[in-house]
Amino acid sequence: MAVVEMKRIHVYALKNNRKKILEMLQRRAAVEVSFPKGTDEELGKGPFAQTDTASARQTFEKNAQLINSAVEVLDTYASFNKSMLAMLEGRKGIGVREYDETAKGAPELNKTASRISALGKRITDQQAEIARLEAQIDALKPWMGLDVSMRTIGTGSTSVFIGSFPEELTEGAIKARIAESAPEIEGVEVEVVSTQPQQTCVFVVCLGKYGIKLEAALRGMGFTYPAAPSKAAPPERVKELRERIKKAEEEIESAKQEIMSYAEKREELLFTADYYTMRADKYQVLGELWQSRHVFYLTGYIDASEADGLKQALEQKYDALVELETPSKDEELPIKLKNGFFGAPVEGVLEGYSLPGKWEVDPSKVMCVFYYVLFGMMLSDAAYGFLISLACGIVLLKFKNIEEGLRKTMRMFFFCGISTMFWGVMFGSYFGDAIPVITRTFFGSEINVPPLWFAPLDDPMRLMLFSFLLGIIHLFAGLAMQIYQLCRRGKYLDALYDSGFWYMLVGGLIIALVGSDMFKDMMNLDLPIPSVVITIALVLAAIGAVGIIATSGRESRGFKRLLKGLYGLYGVSSWLSDILSYSRLLALGLATGVIAQVFNMLGTMAGGGIIGAVLFILVFVIGHVLNLLINLLGAYVHTNRLQYVEFFGKFYEGGGRKFEPFAANTKHFKITEE
C-alpha cells in the first residue's frame with residue numbers, strides 16, 4: 001500500500017537560468033510547483049516580485065490553437081493512412097537535442113499554419129458561395145422558358161407583368177379570371193412560362209393605359225413578383241451563374257492541391273503545436289515565480305525517491321542552491337501512488353473514486369486481489385477470459401509506447417481475463433455449453449468437459465453461499481484496513497471500538513446462523529459446528545453489541561451517548577444489505593452462462609449439415625460477441641460498485657489531492673530528458 005513519500009523542494013538560482021531550469025523541470029515532470037503568497041517581509045528573501053507573462057502566454061496559446069486548426073484542415077483535405085489502433089501507439093518520443101533543433105523552425109511553421117488556415121477558409125467561403133449560386137439557379141429553373149429580362153416592366157405603349165400565382169393555372173383560366181374581375185381591360189396576352197402543383201409562372205402584357213387596372217386585378221388573384229428578378233434573361237443568368245460556380249470550384253481545387261502540398265509538414269506542425277503548448281505552460285509558471293533583479297525562487301513537492309537526483313542535476317548544471325525538507329505531519333500533501341506490477345493496474349479504479357485522504361493508506365494492493373476475483377466470478381467463462389487476456393496481451397506486447405494510463409487499464413483487464421478463465425474452468429463454462437452442443441449436433445457424439453468444482457446452473461444455491469462467503473471476507477478485509485489505519489496513528493482503542501467490536505458481533509452472528517437448524521433446513525447444508533463453538537460465537541456477538549452501544553457515542557455524555565450507541569448498533573442492518581449485495585456474483589455469473597447457452601441452442605435450430613453449420617457459425621459469432629460485450633460491461637460496473645460501496649464503506653473516505661507535476665502536457669510528442 002504505497003502512497004509515495006513526498007519532500008518539499010526549494011530552488012534558488014540566478015534569474016538568467018530560470019527558463020532553462022523550468023524547461024528541465026517540465027521535461028522531467030518531477031516537481032509540483034507551488035507559489036508562496038505573501039509580502040516581501042513574509043518571504044524573507046528581499047525585494048522579490050512576480051513578472052506579468054499573460055501577454056506572452058496568450059500569444060503562445062493562440063499560436064498552438066492556430067496550428068491545431070491548420071492540422072485539422074490538413075487532415076480534411078490531405079489523405080493520411082491512419083491506423084484504427086492509432087490510439088494505442090502513444091506519443092512519439094523526442095530527445096532534448098532534437099527538440100531544440102526542431103523548435104528553431106517554429107516561426108516558419110507558424111507561417112505555414114497561417115497559410116493552410118487561410119486556404120481552408122477560402123475553401124469554406126467558396127463552398128458557401130457555390131451553395132448561394134446553386135440556390136439562385138434553383139430559383140430560376142421555373143423561368144427558363146422566359147427569353148427577356150425578369151425586370152422588364154413594358155414599353156412606351158405596353159405594360160408587362162412577370163410573376164407567379166400560388167396555384168396551378170392554365171392560360172385560359174387566367175384570362176377568364178382577368179375578364180371576370182376587370183371586363184373593361186382589352187387586349188391582354190398571357191404566356192404561361194411554367195407550372196407546378198402550387199405555382200404558375202406567367203408573362204402578362206397589355207396596353208399601357210390598362211396597366212394599373214390589370215395589376216390590381218392580378219394581385220387580387222394572388223399574383224406576386226419574383227423576390228430577386230435577374231437583370232438578364234433567366235437562361236443567360238443561369239449560364240453566368242454556372243460559370244461562376246465553375247470558377248469557384250476551380251479555386252477550391254487549387255486550394256486543396258496547395259493544402260495537400262503541405263502534407264509532409266504535418267508531423268512538424270504537430271510538434272510545433274506541442275512546442276507552443278509547452279511554452280505557454282512554462283510562461284504561466286514563470287509569471288508566478290518570485291524574482292529579484294538577479295535571483296529567482298521556486299518551491300514545490302517532489303517524490304522523495306527522485307529528489308536527490310534532481311538536486312544534483314540542478315546544482316551541477318546551473319549552480320542552483322537546492323534545499324530538501326520533510327513536510328510537517330499537518331501539511332496537506334499531494335498524493336502519488338506507486339504499486340507493483342499486480343496492484344498498479346487498479347490505481348485508475350481507485351482514482352475514479354478518490355485518492356487516499358491525509359491519514360489513509362493506499363488500498364490498491366488489497367483491492368486488486370478482490371477486484372480480479374470478483375470480476376472473474378461475474379464473467380466466469382474460460383473462453384471469454386481467454387479472448388480478453390489474449391487481446392490485452394497482444395496490445396501490451398505490440399504497442400510498447402502505449403500511454404501509461406491505457407497500459408494500466410490493459411493490464412488490469414489482462415488479469416481480469418485470467419481470473420475469468422480460472423472461474424470458467426472451475427465452473428465448466430467454455431462459450432457456455434458450446435463443446436457438448438457442437439459435438440452432439442455436428443459429430444453425433446457428445447463430449448463434455450466437466451467442471452473442476454461444480455456447474456452453477458446445476459447448483460445455484462452453492463454459488464450463492466460461496467458469493468456470500470466471499471462478500472464476508474471482502475467486508476472483513478475492509479475492517480482490517482480500518483484497524484491498520486487506526487493503529488498506524490496510535491489509535492488502538494479506536495481500532496477496537498470501531499472495528500474490533502464489529503468483528504465480534506458480525507462474526508459471532510454469522511457462525512451462530514450457520515450452525516442453526518433453520519439455516520441447515522433452508523440451505524440443505526449440514527455443517528458440523530459444535531454447540532460450544534456456537535455458544536462462544538453468541539457470547540462474542542453479545543460482547544460486540546455491548547461494546548458498540550457503549551462506544552459508538554463516546555464523544556457524547558449521558559442519555560445522548562446511549563441513544564447514539566443504540567443507533568450505532570442499528571448499523572448491523574447495513575451489514576445484512578452489504579452481504580446480500582454480493583448476490584450479484586450469482587446473478588451475473590448465471591446470466592453469462594444462460595445467455596451463452598441460449599445462443600448455442602439458437603445456432604443449432606437448423607440441425608447439422610452445411611446449412612446448419614453456416615447458421616451455427618453466424619449465430620455463434622454474433623451471439624457470443626454480444627454476450628461478451630454486455631457482460632464484460634456488467635462485470636466492470638458491478639465490480640466497481642462492490643469496491644466503492646461495500647469495501648470502501650468500511651474504512652475509506654478519500655479526498656486526497658492528486659500529485660500534478662509541472663510537465664510537458666503535450667498531445668503528440670513526449671519530450672524526454674537525455
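Relevant structure appears above.
Residues numbered from 1 in each chain as written. Predicted model: local features only at pLDDT ≥ 70, side-chain atom pairs only at ≥ 80, totals over all residues. Heavy atoms only, no water.

**Student:** So what exactly am I meant to see when it comes to the side chain of Glu360 here?
**Tutor:** Position of Glu360 relative to the elements: it lies in the loop between α11 (347–353) and α12 (364–379). Among the polar contacts listed, one links the side chain of Glu360 to the backbone nitrogen of Gly357, at a separation of 2.8 Å. Reaching out from Glu360, the side chain makes a polar contact with the backbone nitrogen of Glu653 at a distance of 2.6 Å. Residues contacting Glu360, with those up to four places away along its chain left out, are Gln485, Phe651, Tyr652, Glu653 and Gly654. (Helix = DSSP H or I, 4+ residues; strand = E, 2+ residues; numbered from the N terminus. Polar contact = N/O pair within 3.5 Å; in protein donor to acceptor, adjacent residues only side chain to side chain. Contact = heavy atoms within 4.5 Å.)

**Student:** Sorry if this is basic, but what is going on with empty space enclosed by the protein here?
**Tutor:** With a probe scaled to a water molecule rolled over the atoms, the places where space remains empty come into view. Throughout the structure, instances matching the rule amount to one cavity of 30 Å³ or more. As a volume, the largest cavity reaches approximately 30 Å³. Met377, Ser380, Phe427, Pro456, Leu463, Leu585 and Gly589 together form the lining of the largest cavity. Counted by class, the lining of the largest cavity contains five nonpolar, two polar and no charged residues. (1 Å grid on protein atoms, 1.4 Å probe; cavity = no way out; pocket = protein on both sides within 12 Å on 5 of 7 lines; lining within 4 Å. Points joined across faces, edges and corners; volume = space filled by probe spheres on them. Nonpolar A, V, L, I, M, F, W, Y, C, P; charged D, E, K, R; others polar.)

**Student:** Would you mind showing me how to read the packing of helix α13 (residues 382–398) against helix α23 (residues 609–647) here?
**Tutor:** To describe two helices that pack against each other, one gives the angle between their axes and the distance between the axes. Their axes nearest at 11 Å, the elements α13 and α23 cross at an angle of 75°. When the axes of α13 and α23 are compared, the pair comes out roughly perpendicular. When α13 is examined against α23, the residues Tyr384, Leu387 and Ile388 are found in contact with a partner set consisting of His624, Asn627, Leu628 and Leu632. The residue makeup of the contact of α13 with α23, split by class, is five nonpolar, two polar and no charged. (Axes fitted to C-alpha atoms, helices over the stretch in contact; angles between N-to-C directions. Parallel < 35°, antiparallel > 145°, perpendicular 65-115°, else oblique.)

**Student:** Sorry, what's going on with the pattern of salt bridges here?
**Tutor:** Opposite charge on two side chains permits pairing when their charged atoms draw close. Applying the stated criterion across every chain yields a total of 27 salt bridges. The residue Asp138 makes a salt bridge to Lys141 at a minimum N-O spacing of 3.3 Å. We note a salt bridge from Arg177 to Glu167, for which the minimum N-O separation is 2.9 Å. Here Arg177, found in helix α6 (residues 171–181), pairs with Glu167, found in the loop between β4 (158–165) and α6; they are 10 residues apart in sequence, far enough to count as distant. (Salt bridge = Lys/Arg side-chain N within 4 Å of Asp/Glu carboxyl O.)

**Student:** I would appreciate a short explanation of the sheet that holds strand β5 (residues 189–196) in the present structure.
**Tutor:** Through backbone hydrogen bonds, the strands of a sheet pair up, either in parallel or in antiparallel fashion. Read from one edge of the open sheet, three strands run β4-β6-β5, paired in antiparallel fashion. Here the strands that pair on one side only, and so sit at the sheet edges, are β4 and β5. Pairwise comparison of adjacent strand axes, ignoring direction, gives a mean angle of 10° for this sheet. Note that β5 and strand β6 (residues 199–207) share seven bridges and pair antiparallel. By the bridge assignment, Ser194 is partnered in β6 with Cys201. Strand contacts of α6: β4, β5 and β6, with the helix running at about 130° to β5, the strand carrying the most contacts. In the packing of helix α7 (residues 211–220) onto the sheet, contacts are made with β4 and β6, and the angle to β4 comes to roughly 10°. (Pairing = 2+ DSSP bridges.)

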